[in-house]
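These are the residues of each chain, in order.
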Amino acid sequence: MRVRDVAAQLPFFSEQFVGKRLATMHADGLVIRDDDRRGAPYRLSALGTSLAPVLRTVSDWSRTHLTQEPMAEAERVEDALRRLHLRHSTAVIQALDSADGQMRFVHIAEAAGLDNGLARQRLVRLQTDGLVTRTGSRHGDPYVLTDAGQALGAVYASIEHWSQPFALRSGTAPVAATRSHVGIPLGAGADSARTAAALRRSAAASNVMFSHAPQPEPRVPAAVTAQSAPGRGR
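> Where do I start with the pattern of salt bridges in this structure?
When the charged atoms of two side chains lie near each other, side chains of opposite charge can form a pair. Considering all chains together, one arrives at 10 salt bridges under this definition. Here D34 makes a salt bridge to R43, at a shortest N to O gap of 3.2 Å. Assessed through its relative accessible area of 62%, D34 is described here as exposed. With a shortest N-O distance of 3.9 Å, R76 and E73 are connected by a salt bridge.

Structure (structure tokens):
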């Protein structure tokens with residue numbers, strides 16, 4: 001499909017926006033073009049096609065644990081991934097999962113390797129998104145994973161499998177991928193290394209979120225956190 005053909009099916013996006021998204025997906029090896037001529041059509045690569053089981057798993061998790069309201073599958077997946085994409089969210093979820101029960105704020109921050117301010121921000125967001133809750137309303141009451149948070153094991157396992165080097169999964173080289181190991185789609189740039197480390201867990205049992213003890217991340221200096229622009233997604 002050419003850019004204009006894709007945009008015609010997505011009237012809520014501009015053609016320019018669709019073109020930029022396809023260019024990014026092309027750089028990530030998710031779509032390919034048979035030639036480099038201007039206006040040449042795109043098609044899914046084998047790597048892009050292999051995302052189907054991941055998207056189904058995310059959609060099933062959302063339908064079961066987040067909302068059963070009727071909505072387009074693409075919208076359901078986007079909404080679910082929005083709850084997981086923020087930097088360090090996985091580390092917080094991992095810390096709570098490893099606790100096998102309740103965990104106080106100071107211990108979560110320590111286990112996730114975060115300063116108190118950033119850990120508090122992530123916990124507030126995860127509570128808003130329905131993945132974490134507190135056992136009471138008093139200051140200092142511990143946090144626990146909700147049913148939705150505890151059910152993330154299948155989602156992480158599916159993402160881990162997909163994020164393995166494509167040649168190892170399919171027995172063949174990537175069709176036109178620009179790198180040998182695809183970054184996990186919950187981070188970007190330098191952040192993806194942290195996310196990859198947090199997600200590098202066994203997929204042997206889908207009900208087990210992480211099969212190894214969490215590895216604390218380097219603590220973010222307070223000076224760096226203070227300089228972070230408020231409201232940024234990453």
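> Is there a simple way to explain the packing of helix α7 (residues 105-112) against helix α8 (residues 116-128) in this structure?
Any two packed helices are characterised by how steeply their axes cross, that is the angle between the axes, and by the distance between the axes. Remark: α7 packs on α8, axes separated minimally by 9 Å, with the N-to-C direction vectors making an angle of 105°. As judged from the angle between their axes, α7 and α8 are roughly perpendicular. Where α7 abuts α8, its residues F105, I108 and A109 lie against N116, A119, R120 and L123. The residue inventory of the contact of α7 with α8, partitioned by class, reads 5 nonpolar, 1 polar and 1 charged.

> How should I be thinking about the confidence of the model for the protein in this particular structure?
Model confidence for the protein is summarised by a mean pLDDT of 77, while 70% of its residues fall at 70 or above. Between the elements of the protein, mean pLDDT differs from a low of 39, seen in helix α12 (residues 190-199), to a high of 95, seen in strand β4 (residues 143-145). Here residues 211-218 is modelled with pLDDT under 50, and outside its nearest four sequence neighbours on either side it reaches 20 contacts, counting other chains as well. A low-confidence stretch, residues 224-234 (pLDDT under 50), is modelled with 9 contacts involving residues beyond four sequence positions or located in other chains.

> What's the story with the packing of aromatic side chains in this structure? I'm lost.
Pairs of aromatic rings are described using the distance from one ring centre to the other and the angle between the two planes. Taken as a whole, this structure holds 2 aromatic pairs when the rule is applied. Note on F12 and F13: the rings are 4.8 Å apart at their centroids and 70° apart in plane angle, and the pair reads as edge-to-face. Accessibility expressed as a relative area gives 36% for F13, which makes it partly exposed. Taken together, a centroid distance of 4.8 Å and an interplanar angle of 25° make the contact between F13 and F17 stacked. Of the residues examined, F17 reaches a relative accessible area of 32% and is grouped as partly exposed. Each member of the aromatic cluster is reached from another via a ring pair, and the members are F12, F13 and F17. Against the face of Y42 rests R33, its NZ or CZ located 4.5 Å from the ring centre.

> What am I meant to see in the nonpolar core here?
What tends to happen in soluble globular proteins is that the nonpolar side chains get buried as a cluster. By size, the foremost hydrophobic cluster in this structure holds 35 residues, and its most contacted members are W61, L84, V92, I93 and L96. Looking at this core, the elements with two or more residues in it are α4 (52-65), α5 (73-82), α6 (89-99), α7, α8, β4 and α10 (153-163). V6, V18, V31 and Y42 belong to the second largest nonpolar core, which has 6 residues in total.

> Hey, could you run me through unusual backbone geometry in this one?
Excluding glycine, residues mostly have negative phi values, and the peptide bonds linking residues are mostly trans. Positive phi is not limited to glycine here, since H88 has a value of about 80°. Mapped onto the secondary structure, H88 falls in the loop between α5 and α6. For H88, a relative accessible area of 7% translates into the label buried.

> Sorry, what's going on with the environment of Q94 here?
Mapped onto the elements, Q94 comes out in helix α6. Along the primary structure Q94 and A111 are separated by 17 residues, whereas in three dimensions their C-alpha atoms are 8.8 Å apart.

> Looking at this model, I keep getting lost on a nonpolar patch on the surface. Mind explaining?
Where nonpolar side chains cluster on the molecular surface, the patch consists of F12, F13 and F17 and spans about 310 Å² of accessible area. Along the chain, the position of F17 falls in helix α2 (residues 15-27).

> Hey, could you run me through the environment of S163 in this one?
Mapped onto the fold, S163 is located in helix α10. As a C-alpha pair, S163 and L51 span 112 residues in sequence and 9.6 Å in three-dimensional space. Polar side-chain contacts of S163 include one of 2.9 Å to the backbone oxygen of E160.

> How do you make sense of α8 when you look at a structure like this?
Count 3.6 residues to each turn of an α-helix, and residues three or four apart come out pointing the same way. With 13 residues, α8 should cover 18 Å at 1.5 Å per step; its first-to-last C-alpha distance of 18 Å lies within 8% of that length. Those residues of α8 that fall on the buried side of the exposure criterion are L118, A119, R122, L123 and L126. Each buried residue of α8 sits inside an arc of 135° when the element is viewed along its axis, so together they form one side. In this structure, the buried side of α8 is in contact with α6, α7, β3 (132-134) and β4. Structurally, the start of α8 carries an N-cap: the backbone nitrogen of G117 is 3.0 Å from a side-chain oxygen of D115. Backbone geometry just after α8 places G130 at a positive phi near 80°.

Thresholds, definitions, all that
- Residues numbered from 1 in each chain as written.
- Predicted model: local features only at pLDDT ≥ 70, side-chain atom pairs only at ≥ 80, totals over all residues.
- Heavy atoms only, no water.
- Salt bridge = Lys/Arg side-chain N within 4 Å of Asp/Glu carboxyl O.
- Buried < 20%, exposed > 50% of the residue type's maximum accessible area, 1.4 Å probe, protein only.
- Axes fitted to C-alpha atoms, helices over the stretch in contact; angles between N-to-C directions.
- Helix = DSSP H or I, 4+ residues; strand = E, 2+ residues; numbered from the N terminus.
- Parallel < 35°, antiparallel > 145°, perpendicular 65-115°, else oblique.
- Contact = heavy atoms within 4.5 Å.
- Nonpolar A, V, L, I, M, F, W, Y, C, P; charged D, E, K, R; others polar.
- pLDDT = per-residue confidence, 0-100.
- Phe/Tyr/Trp six-rings, centres within 6.5 Å; stacked < 30°, edge-to-face > 60°.
- Lys NZ or Arg CZ within 6 Å of the ring centre and 35° of its normal.
- Core = buried A, V, L, I, M, F, W, Y, C linked by side-chain atoms within 4.5 Å.
- Patch = residues over 30% accessible without salt bridge, like charges linked within 9 Å, V, L, I, M, F, W, Y side chains within 5 Å.
- Areas by Shrake-Rupley, 256 points an atom, 1.4 Å probe, with all protein chains shown as cover.
- Polar contact = N/O pair within 3.5 Å; in protein donor to acceptor, adjacent residues only side chain to side chain.
- Expected span 1.5 Å × (residues − 1).
- Arc of directions from axis to C-beta.

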